[in-house]
Every structure is written in structure tokens, then in C-alpha cells.
Amino acid sequence: MAGKKNKATRPKTKVPSASADVPGEVRISRRSFLGKLWLVIGGVALLEYLAIALDFVRPRRTRRDGENDTIVIAGPIERFEPDTVTAFPEGGFYLARLENGGFLALSRKCTHLGCTVPWNADEGSFVCPCHASAFDITGDVLDPPAPRALDLYPVRIENRIVKVDTRQVKKRRSFDPTQVTYA
Amino acid sequence: MSDLKKTESQSGLLRRFWHSVFRGPVYPRDDSDRKLIVLSHLLLHFRPVRLPAKNLRYTHTWGLGGMSMTLFFVLAATGVLLMFVYEPSPGYAYDSIANLQTNLLFGKLIRNIHYWSANLLIVLVTFHLIRVYLTGAYYPPRQFNWVLGLLLLFCVLVSNFTGYLMPWDQLSYWAITIVTGMMGYAPFIGEWLQDVVRGGTEIGSTTLVNFYATHTTVMPALIIVLMMFHFWRIRKAGGVVIPRSPGEEKEEKPEQALTLPHLLLREFSVALVLIAFVMVLSVVFDAPLGEAANPGMSPNPAKAPWYFLGFQELLIHFDPLFAVVIIPLLGALGLFFIPYIRYEKDTSGIFMMSREGRRLGLVAALTALFITPVFIVADEYWIDWDAWMRGVSPVVSNGVLPATILGAALTGYCAFLKRRYSASNNEVVQFVFVLLSVAFVILTITEIWFRGPRMALVWPWSL
Ligand code: HEM
Ligand code: FES
């Protein structure tokens, strides 16, 4: 019975308002307009919550600053022989000095699925233990499945000291000579 | 106002308290007591008082949904215990698990139970999906419950995946690396998705916190809500689908049986046997705990959790865009649309639709059983699209081209079946469902047991 009583006391949304009987004029009653407004407001609140949630799970930069995302001072250039590769495990990169004396800072993350690639000095290449991708000293792909050359970090040489900026990583398709930094 | 009943005013305090909690009968003497019990108890009133007698047959549902729910509660009970000793930060996670295993009373057993229940849950939910499909329990009014089931499957997978990282050992660290690496291949949103899941560019403390919160709060809450919704829809549909044999019409007034004792007794025994099984498994086999995670040293080979290995195997054969984006997406969409395809017949309750359907299903299974390994081996040793088509983008040579060939072959085969055996839409869809499911299982098995160092094909005994 409660249902019926409700219907009697609460007018349906279609009840015409005073001015709705003007012929040809379609009007939304105030009640149904307000009802829809509530829905919209509720929807907006939900979206806001979702947006905030995304921001909560996304990169928390302030947290990361203290970790390893800073400028790594690799050392004086004399420390690195041409045609050698030096690992910087804390920075997560390799400093490669090419035969012509130029420097490249290569990310150690395989571009296939992200395993850590070790440098194999005997073969002069990086070989990924996970699915056997191989890269040369410039980071170029020797063997797939890796789709791209190893990522780079910007290298700067100030007062003959090599510095690597590990805050931003540069993706690239393959090696080209403009990527190399010289003293 | 009427006077209070005698039991409520004049009996002893304990008795009155007891009757305030259990207002109906507790120990039933006859059927009307049994009906009253089901109606008046909080936990039992979710169930109907009676159900179609045919639905009691164990081999109709295999109790798979009920077993999944049982495992969920086992997981909740053991998970809460684990939360008291586990520390979700890279410096402590591994040690807290190691400590749990060596120093806590039954610590190892509790962890093993959690581990085995979680893995078994994936298996049982998958079997449940297959049973629901094969008994045709997705026609109206059960369409949307199929979708709710898919959401539950998704939540179960996410729960398992996020749990996988918790021990922070080599196995978990690199498995999560591989899977988040796969996400990176999604066009446009790949990198963003990767960042959201990892909570940054690296797998580190933020990743662990994200996973921990998802694993211990978000997913259990979602699963509980979805489960209640799922069960409510079963009742609204008049219980699970009633089994019938091919050619048999739906009964107007099926014979009924009382839930108490018939259904509850069966459910209770199945749950007990299941728990005993998990117990034995957990006493005999330990959950793995390898070396602590070392971001500088990848193991060879590195594999995703076993339930994602079918996709990792696809990755060996297809361009990443196809292996981890297009094919899984098509698979998910296909599953989603199963109840909404336009069918000619309503075969609900008939195992594999009809005699023709059973025969075609068998053909599909055998075809997949034969073709999938042949393709895997052929692709390993002979097929090399890249080398045959130098200069062509690998997305085309390793993706569009093979995918189109396979898709065309499957479509042609279906058209042939439709013509030759005048198969209905129902039967053709079931054919595809069986074929692709079996193929996926074979891909998964290959990647689990037949892929060794550098992902080369090997025999399981030389792994
Ligand atoms: C955590 C995961 C799940 C739980 C706990 C669960 C639980 C249940 C239970 C207890 C039943 C009653 C019948 C039975 O025991 O077989 C059921 C039926 C059903 N489930 Fe699930 N389920 C889950 C996942 C799924 C999935 C993945 C699907 C498919 C996509 C699905 C679709 C259905 C449908 C359509 C029914 C009605 C079956 C019928 O009428 O015969 N469920 N589920
Ligand atoms: S992650 Fe390096 S080859 Fe797959």
C-alpha cells in the first residue's frame, strides 16, 4: 500500500507546470530538471574521485626525487678507456666510451620487456638473459626480439668530469652519431 | 498491545538470549522446520527454500562456482593473518616473508594455503566459465550474469597478479617486470598505463605500495560486492540453468527438492573435500621463495606468472602490438559478446547444445590439439616472416599478415561447417570457443614447460 500512497502524495515528474500548457512549447518541469541536476552532480563527484585516485597511484615525483633519479657524477674522463663499458648500478645505466672517444649513457633496461642487460666484454655486446636480445656498444639492436636500441640518458662533460642526468630517459629507434657527447 | 510470548518473558536469561539470536528452529524435526530455517537465518536466507531436483546432480555444475567462493573465503582468512606480519616495502618485504616462514607457528603452512588457494582459484574459475558456457547458461535471463562472471574473473586475475609481487624475490620481481613491460606495448596509452601500474618508471617502493593496496583492499572489496550481485542474479533467474538432454523441451513445472538438507549437504561436503585437498597440497608442497629481488640481475629465462604465459608465448610468434594488445582485446571482447550474439536456438541446459554440437566441439578440440603445436614448432624453426620480407614493418610482417591468414582460415572453416553440416550460429560460436580455448591452453602449457633459457623450445625434463 505504501507504494500507492507515495504516488498520491508525490506528483510524477510529468505533471505540467503552470506555463506548460502553452501549445507547442516543450518544457521540462522544475522537478525533473533538479532531479537530472542531482544525477549530473553525482556523476561529476564520481569522476572527481576517480581522477584523484589516478593521481594517487601515478608517479609520485616527490617520493622519487630522493632515490636515484638525480645527476650522477661518473668521474673524470681519463678514467674511461675508449671502447669500454662501465656499469653504474645505482644509476641504472652503463657509461659507454666509443672508440672515437665519445660518450653514451645507456639504460640497462632491455627494450623488449625490461630485463637488465649485462655487458659481455669478450663479445663486445649486451646480451639480454631473458629472451636473448643483443645490443652493440652504441646500444643498437644486434638480435631481436628487442624492437629499439637501448634508451639513453643525457651526458654532460664539465671541467673534464662526466655527468649523467638520470632524471629523463630518451627513447630512440636506433643509434646515430648526433647522440654521442664529446669532451 | 498483546502480551509477550512465554519463551520471551518467563524462561531463563540464557534461553531468552538464545531465542533472541535464533528466532526460528535450530535443529529441524521436519520439513516445515527446514524451510523455516532457510528463511530465517541470515546466512541461509540468500538461498531459495527449494530448487529444481535436477540441479542437484553434481556433474551438472561440478560445484565449481561454490568451490570458487569457498576458496575466496579461505584466501580472506589466511590473507588477514599474512597482513599482520607482512611489511610492504622493498627493504622489508622479503625478510618479513622469510621470518614468517621460519619463526612463526604454522607461518609456512598459512602462506602455503594462501598460495595454493590463489592458484587453484584461477583454475576453478576458468573451469567454472567453461562449464557455464558448455551448459548454455548465458542465454536470457542469464546474459548479464555472464558479464558479472567475467568481471569476477578479471578481479581474480588482478588479485593473483598483485599478490605475485609481494614476496619481492627474484621470481616475483622479474615476472612483474615482464608483465608491465608487455603493457608498455599498448599504443598511445602504453607508457601511461605502465606508469600508473608501477607508480613510476621503475618497479620500486611505490609499485609495491600500489600492489599491496590493490591486493589487500580494492580487489577483495570488489570481489565481495560482485559475488553478492552474481548470486542475487542466479536467484532472480530462478536458480542455475536446469539440465536437459538434446531434444528435450524445457519443463514448465520441474520437480522440486528442499535446499535443506539436499543442496546444503552437498555444498558443505564439496567445500570440506576442497579444503582438505588444499590442506594436503599445502603440507606437501611449499610456496616458492627464491633469492631476494635483485634489480641488477635478471634470471634466464624470465617468465610472467603462469596464467599470463599464453600471452608471453604469443609474444614469441607475433609482433607485440598483436600479441599483447589486439589478440587479448579481441579475446576479451569475444567473451563479453557471447551472450549477446544473435542465436537461432535457445540451448540452455543442454550440454554442448546438441549431438551435432558435441561432435563439432570434439572436432574443434582435436583440430586445436593438432594445429597449435605444429604451428609453434614450424614458427620456431622454419617460418621467418621478417627475413622473407625485408624492409616491411614488423607490425605487418609479424602481425597483420599472420593474424589475417589465421583469421581468414578460421572464418573459412566456420563458413564451411555452416554449409556442409548446416550448423547453427550456436554451434559455430561454440566451435570457435572450444578451438581458441584449447589453443590458448596449449600455448600456456608450451610456455610453462617447454621454454628454456633464451626462450628456446626444450623438453620439460631438460628444463
Ligand atoms: C570469483 C569468481 C566466481 C565465483 C565465486 C562464482 C560463483 C558462482 C556460483 C556459486 C554459481 C552457482 C552455480 C555453480 O556453482 O556453478 C555461479 C553461477 C554462474 N556463474 Fe559464476 N562465479 C565466478 C566467476 C564466474 C565467471 C568467470 C563466469 C563466466 C564468465 C561466471 C558466470 C556464471 C553464470 C552465467 C552462472 C549461472 C549459471 C547457471 O545458471 O547455470 N561466473 N557462479
Ligand atoms: S626482456 Fe630482454 S629480450 Fe626480453
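Per chain, the residues get numbers from 1 upward, laid out in the order the sequence is written. Following the order in which they are written, the chains are lettered starting with A and the ligands numbered starting with 1. Two thresholds apply to this predicted model, a pLDDT of at least 70 for residue-level local features and 80 or more for giving and counting side-chain atom pairs, whereas whole-chain, interface and lining totals are computed over all residues. Only heavy atoms go into the side-chain values, all of them from the structure, while hydrogens and water stay out.

Some thoughts on the overall build of chain A
Helix and strand definitions follow DSSP, with helices as H or I runs of at least four residues and strands as E runs of at least two, each counted in order from the N terminus. Of regular secondary structure, chain A possesses three helices and eleven strands. In sequence order, the secondary structure elements of chain A are arranged as α-α-α-β-β-β-β-β-β-β-β-β-β-β. Values of accessible area rely on a 1.4 Å probe in the Shrake-Rupley scheme; residue burial ignores everything except the protein chains shown. Total accessible area computed for chain A in this model is approximately 11,700 Å², and 58% of it derives from carbon and sulfur atoms.

A look at the packing of helix 5 (residues 64–85) of chain B against helix 12 (residues 259–284) of chain B
Residues and elements named next belong to chain B. Every axis corresponds to a line fitted to the C-alpha atoms, with the helix fit spanning only the stretch in contact, and the corresponding angles, defined between N-to-C directions, vary from 0 to 180 degrees. Remark: helix 5 packs on helix 12, axes separated minimally by 10 Å, with the N-to-C direction vectors making an angle of 50°. Between helix 5 and helix 12, the interaxial angle falls into the category oblique. Crossing of helix 5 against helix 12: the hand is right-handed. In this structure, helix 5 contributes Met67, Thr70, Leu71 and Val74 to the contact, and helix 12 contributes Val270, Ala271, Leu274, Ile275 and Val278. A breakdown of the residues in the contact of helix 5 with helix 12 according to their chemical character gives eight nonpolar, one polar and no charged. Reported orientations rely on four angle classes, namely roughly parallel under 35 degrees, roughly antiparallel over 145, roughly perpendicular from 65 to 115, and oblique for the rest. Here a crossing is called left-handed whenever its near helix is offset anticlockwise from the far helix by less than a right angle, and right-handed whenever the offset is clockwise. In this analysis, two residues are considered to be in contact whenever any of their non-hydrogen atoms come within 4.5 Å of each other. Ten residue types, Ala, Val, Leu, Ile, Met, Phe, Trp, Tyr, Cys and Pro, are classed as nonpolar, four, Asp, Glu, Lys and Arg, as charged, and the remainder, Gly among them, as polar.

Side note on the confidence of the model for chain A
All names here are of chain A. Values of pLDDT, which run from 0 to 100, indicate the predictor's confidence residue by residue. Here chain A averages 80 in pLDDT, and 79% of its residues register 70 or above. The low-confidence segment residues 1–8 (pLDDT under 50) makes zero contacts with residues lying over four places distant or belonging to another chain. Throughout residues 62–66 the model reports pLDDT below 50, and contacts reaching past four residues in sequence, or to other chains, amount to six contacts.

What to know about the interface of chain A and chain B
With 23 residues of chain A in contact, the opposing surface of chain B contributes 30 residues. Accessible surface is computed with a 1.4 Å probe, and the buried area is the amount of it that two parts give up when combined, taken over both parts together. Buried surface at the junction of chain A and chain B, both sides included, amounts to about 2,200 Å², of which 56% is carbon and sulfur. Salt bridge criterion: a side-chain nitrogen from Lys or Arg within 4 Å of a carboxyl oxygen from Asp or Glu. At the boundary of chain A and chain B, one finds one salt bridge. Identification of polar contacts relies on pairs of N or O atoms within 3.5 Å, with a donor-acceptor requirement for protein atoms, meaning one able to donate a hydrogen and the other able to accept it, and with residues adjacent in sequence counted only if both atoms are side-chain atoms. Where chain A touches chain B, the interface holds eight residue pairs in polar contact (both at pLDDT 80 or more). Of the residues belonging to the side of chain A that touches chain B, the class tally is ten nonpolar, five polar and eight charged.

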